[in-house]
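Each chain is listed here by its residues.
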Amino acid sequence: MLKKFIIKRLLTLPLILFILSGLIFSLVAFLSPYERLAVFIPDPEVYAQAPVEELVILYGLDEAIHIQYLNWLKNVFLGDLGWSPSARMPVSRALSSRFPATVELMLLGQLVIFFGGIAIGTYTAKNHNKLGDHFFRFMTTLGIAFPGFVVGLLLLVIFYSWLGWFPPGRLSPWAMDVVGSLEFQRYTGMNTLDGILNGRFDVFLNSLRHMILPAFAYSLSTLAATIRLMRSSLLETLRKDYIYTARSKGLSEKVVVNKHARRNALLPVITFMGTSVPIMFGGAVIIETVFGYPGMGLFIVQAAHGLDFPAILGSALLVGVVIVFVNLVVDLLYRILDPTIRYD
Amino acid sequence: MRSWKNIVLIVLLLTLAFSAGVQAKDTFVKASRNLVDTLDPQLMVASATMELSFNVFNSLLIFDPEDRDTLHPSLSTQVPSYDNGLIVDTEDGGVRIEFPVRQGVLFHNGSELRPEDIEYTIKRALLIGGQPASIRLLSSTLLDKGSFQVLVDEIGYDEAFEVLDQAVTVEGNSVIFHLPKPFVPFLGIMADGGASLAILNKEWCSEVGAWPGTKETGQEFMGLTIEETALHDKMMGTGPFKLASWEPGERIVLERFDEYWEGPATMSRVIRRIVEDTSTAIMLLQRGDVDWIDLDSPADLPRVEGSPGVKTITDIPTAWLMKMNFVFDITEEGNRNIGDGQIGPNGIPGDFFSDINVRKAFQYSFGYDVFINDVFLGSALKPYGPVLIGFPTANPDNPQYYYDPEKAEEHFKKAWNGEVWEKGFKMRIPYSAGSLQRQRALEILKDNIEALNPKFEIELFSLPWASYLAEITAKKLPISLLGMLPQVFDPYLPLFQHMHSSGSYARDCGYDDMAREKYDVLIDELGTNYDEERRMELSHQLQLYAYEDAHSIFHFQNVANIAIRDWVQGYIPLPQPFNVDFYQIYH
């Protein structure tokens, strides 16, 4: 049953991606060749020197839209996502360097959200209406209200500009030299993991050092929301009859909360975290800009700004795949948390 | 739970223990938000790429950085001239220009520079249809066509290649250029400092998959794009630095070339690092993790001035001029920017700006000083006209327009036989989204014009660059805000661009007939006459015409401001905005 469920889910993926690519490409039909040309002339100051008509022909921007789509689709099946004029490299290469950077940041952020959100949310529920609860409720309000880039800049000023602890960028120059050398093998594109796999713990630590601030800034509002959601979900669960039963059986409060209540309280939290993943892709652009962290957010925004359709399509396909997998993982986690959930 | 806390604490401490590392004193780090578009010098258009090319390659000549009227030899041993016999008029009305090639110059791979490399470089630039303006200019000069493709379309590939082949030849240790007619800016094109006309190594290019230099293979490489070029991610020249690594979107690293023919540079390493956010760049500079940042806005100066270890250099002249261009023949069909297409409260006709009094009225309506003070905090120059300040023959005594509401009113009252003043007008003018200087320039113009007569209405709105570009090419904008960034230090290029009937502005703004009638002859002579006095006369006359015919409001010429670590010495301003000659930098 489980296998069937997984396969069925995965089989929907090609259909979703096909519809997604078609919808995005259909937007191209609304653009003139000159609007699409903008990505090849990024700077208004060079427009006067640019051979506009020649460039339109050179890049095939005046071809019929369905021809352009079919050519693109054919290349995708051959593993070629096209060229990104905004990134100045093949789309696949841009994604393979940008995507792991964002995944790395997101994983660290999700760890912070998951463990921090659950721990603090549990604490506030257990200490309902006490000082600790009030404090964290106030902090979560701030966390949700404060714009991410303001938090990012403040963190950078305090922890980098004043203290020099956590610099911006993805790696320090010496670490970039190591990672860029022929001796260093790129297995995943994630500097932390690749550092460990290459036996370079110094690279792992250096990468972590550069990720701490952006990961925190990135996940702050989701962490705040998760704490609140965990708190309210746990409070509701603690009022259920089976909890009273558990208590009346003589179980300790710790066992009641951790073993019985929390599991069930996690369901809405897991759902929320699952839906926050695609949102975090978009929110990454500001954090990536402030911290000089070259990830997917910045790439997608630059592609959108320049109407770089190969990059937009490639990104959309990748994010589509991520969403399908994340939803699948969320559904599987449901089953683990609540065995009564069936897949049929 | 306690063990988890301990693990997290230990990991945090360890990450702190691995410091960012102290910057080596022989490494220079520049932070910039400008991306490198390609490493192929003949396809690059971004100024960021030109900076790299400038430091990795050499060209035949080079401009004196402190005296832009003077050329020096670089890979050539002499600057050709009539006096030294290296420029000779030919019987067919053309010109033969000879460049004796310097001996003993090594490329980064150890091979020696030969005249055939120079011959190959020029031919490749023309064959592939290189996009930089200097290559297109070279094409017009040597092939008498805008591009090699145009020549092929006219006479076929075989014959066109013969023309190409004969345009540049090698004789002994010299490279000879055969110009069908004189072209004075030619030497300036050859002195772009290793930018677009960076000299490539023919053998190496062939090895890595670029055009091998033969006729048989030429057609495959015509119309080359960035994604197709084998040189997109490779650079190998004769310059003081060689490419070490390029992580697109992150950084590019250059290393000193110890066998550089002028002697090794002081810096052993140069890193050009992408930093998108100005606040982040300032913090990096203050901490010493970068040594140089470009300050896009003068408003950022107070944030760095006074920082320990940091100094600023301000008001660096650049070769970037901005103007507001009137379109004489605005497309009327389906164009919301001109309303009902009639002079009156609901629109303007497509030929609104063809009336000289309308143009002059707009010229006198613009608050030039207010704009420069408002947007640039006084840190910009008011241009004299189309020839940029700092360029040869730029005329500081050329009459100019200033904000004068009385004169503006006077001209509005004369415009279209008084109809404009009586009936009023309405137009919509977009600006490119995100461009503060464009937005502010239009706002000042709008406010001043509307203050003259309540019947005048100008509506402003922003458009994404892509849409703005489409509107320009469709001639739907009443006024476009585009500038000039000439790469050759000769008045011919900006005057050609602005005023020749084949130049982009006359053509796109609809005054090409006027250009054919009045300016083309003068500009053509400017391009072919070597007599300096006569060139001065011609240039001044054209600048006067630009004033009298008022095609554009020349509202500012950019100056650059930079902030650098105080150990950085030897910086010499280059005319391309924010480009740095790393060879001159020392600690």
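Model, not experiment: these values are computed from the prediction.

How each quantity is defined
Residues numbered from 1 in each chain as written. Chains lettered and ligands numbered in written order. Predicted model: local features only at pLDDT ≥ 70, side-chain atom pairs only at ≥ 80, totals over all residues. Helix = DSSP H or I, 4+ residues; strand = E, 2+ residues; numbered from the N terminus. Rg over C-alpha atoms; globule rule 2.2 N^0.38 Å. Buried ≥ 20, exposed ≤ 12 C-beta atoms within 10 Å, placed from the backbone. Contact = placed C-beta atoms within 7 Å. pLDDT = per-residue confidence, 0-100. Domains from an automatic or database assignment. Nonpolar A, V, L, I, M, F, W, Y, C, P; charged D, E, K, R; others polar. Expected span 1.5 Å × (residues − 1). Bend = angle between axes of the 7 residues up to and from the residue. Pairing = 2+ DSSP bridges. Axes fitted to C-alpha atoms, helices over the stretch in contact; angles between N-to-C directions. Core = buried A, V, L, I, M, F, W, Y, C linked by C-beta atoms within 7 Å.

(A) View of the overall build of chain B. From N to C terminus, chain B includes 21 helices and 18 strands. For 587 residues, the compact-globule estimate of 2.2 N^0.38 gives 25 Å, and chain B sits close to it at 26 Å. Summarising its shape, the C-alpha atoms of chain B cover approximately 85 × 75 × 40 Å along the three principal directions. Looking at chain B as a whole, 52% of its 587 residues are labelled buried. In chain B, 69% of the contacts between residues at least 6 apart in sequence involve partners at least 24 apart.

(B) Structural view of the overall build of chain A. Regarding its fold elements, chain A presents 14 helices and 2 strands. With the C-alpha coordinates of chain A rotated into their principal frame, the extents come out at 80 × 55 × 40 Å. With 344 residues in all, chain A has 40% of them scored as buried. Excluding contacts between residues fewer than 6 apart, the proportion of contacts in chain A whose partners are at least 24 apart in sequence is 73%.

(C) Structural detail: the confidence of the model for chain A. Across chain A, the average pLDDT comes to 84, with 96% of residues at 70 or higher. Per-element mean pLDDT across chain A ranges from 77 in helix 3 (residues 52-58) of chain A up to 95 in helix 9 (residues 191-197) of chain A.

(D) Spatial organisation of the domain arrangement of chain B. Residue and element names in this part refer to chain B. Along its sequence, chain B is carved into domain 1 (23-29 + 240-314 + 560-584), domain 2 (37-221) and domain 3 (318-559). Every contact between the two is made by 8 residues of domain 1 and, on the other side, 8 residues of domain 3. Looking at the side of domain 1 that touches domain 3 residue by residue, the classes come out as 5 nonpolar, 3 polar and no charged.

(E) Examining helix 7 (residues 148-162) of chain A more closely. Residue and element names in this part refer to chain A. Taking 1.5 Å of rise per residue, 15 residues should cover 21 Å, and helix 7 covers 20 Å from first to last C-alpha, within 8% of that figure. Of all the bends found along helix 7, the most pronounced is centred on Leu-156 and spans about 30 degrees. Listed in full, the buried residues belonging to helix 7 are Gly-148, Val-151, Gly-152, Leu-153, Leu-156 and Tyr-160.

(F) Geometry of the interface of chain A and chain B. The interface of chain A with chain B comprises 42 residues on the first partner and 48 residues on the second. Counting residues per element, the ones that place at least two in the side of chain A that touches chain B are helix 2 (33-37), helix 3, helix 7, helix 8 (173-180), helix 10 (201-238) and helix 12 (253-291) of chain A. The element best represented in the side of chain A that touches chain B is helix 10 of chain A, accounting for 5 residues.

(G) Spotlight on the environment of Ala94(A). Residue and element names in this part refer to chain A. Along the polypeptide, Ala-94 turns up in helix 5 (residues 91-126). Considered as a pair, Ala-94 and Gly-295 are 201 residues apart in the sequence and their alpha carbons are 9.5 Å apart. When sequence neighbours within four positions are dropped, the list of residues in contact with Ala-94 reads Ser-84, Ala-87, Met-89, Phe-299 and Ala-311.

(H) Broad picture of the domain arrangement of chain A. Residue and element names in this part refer to chain A. When its domains are assigned, chain A resolves into domain 1 (18-83) and domain 2 (96-309). Measuring from the centre of the C-alpha atoms in domain 1 to the corresponding centre in domain 2 gives 37 Å. Listed per partner, the contact involves 7 residues of domain 1 and 4 residues of domain 2. Of the residues contributing to the side of domain 1 that touches domain 2, the split by class is 5 nonpolar, no polar and 2 charged.

(I) Local environment of the sheet that holds strand 4 (residues 87-89) of chain B. All names here are of chain B. The 4 strands lie next to each other as 4-5-7-6, forming an open sheet whose pairing is antiparallel. Each edge of the open sheet carries a strand with a single partner, namely strand 4 and strand 6 (168-171). Looking at each pair of strands side by side, their axes are set apart by 25 degrees on average, direction ignored. Here strand 4 pairs with strand 5 (residues 95-100) via 3 bridges, running antiparallel. The residue of strand 5 that forms the bridge with Val-88 is Arg-96. Contacting strand 6 and strand 7 (174-179), helix 3 (residues 115-128) runs over the sheet at an angle of about 175 degrees to strand 6.

(J) View of the nonpolar core. Ranked by internal contacts, the top residues of the largest apolar core, which has 256 residues, are Ile293(B), Leu469(B) and Phe582(B). The dominant element in this core, judged by the number of residues it contributes, is helix 10 of chain A, at 18 residues. Ignoring any residue separated from it by four or fewer positions in sequence, one finds Phe582(B) in contact with Phe28(B), Asn55(B), Phe241(B), Ala265(B), Met267(B) and Val270(B).

(K) Summary view of the pairing of strand 8 (residues 241-247) of chain B. All names here are of chain B. Examined bridge by bridge, strand 8 and strand 9 (residues 251-256) share 6 bridges and lie antiparallel to one another. Residue pairing across strands places Trp-246 opposite Ile-252, the latter belonging to strand 9. Between strand 8 and strand 9, which pair antiparallel and follow one another directly, the connecting turn spans 3 residues, one of which, Gly-249, has a positive phi of 85 degrees.

(L) Region of the structure containing the pairing of strand 3 (residues 67-73) of chain B. All names here are of chain B. Sheet analysis places strand 2 (residues 61-64) next to strand 3, joined by 4 bridges and oriented antiparallel. Pairing of Leu-61 across the sheet is with Pro-73, part of strand 3. Hairpin connection from strand 2 to strand 3: 2 residues lie between these consecutive antiparallel strands.

(M) Broad picture of the environment of Glu253(A). Residues and elements named next belong to chain A. By the secondary structure assignment, Glu-253 is in helix 12. According to the C-beta neighbour criterion, Glu-253 is exposed, with 12 such atoms within 10 Å. For the pair formed by Glu-253 and Lys-126, sequence separation is 127 residues and the distance between their alpha carbons is 9.5 Å.

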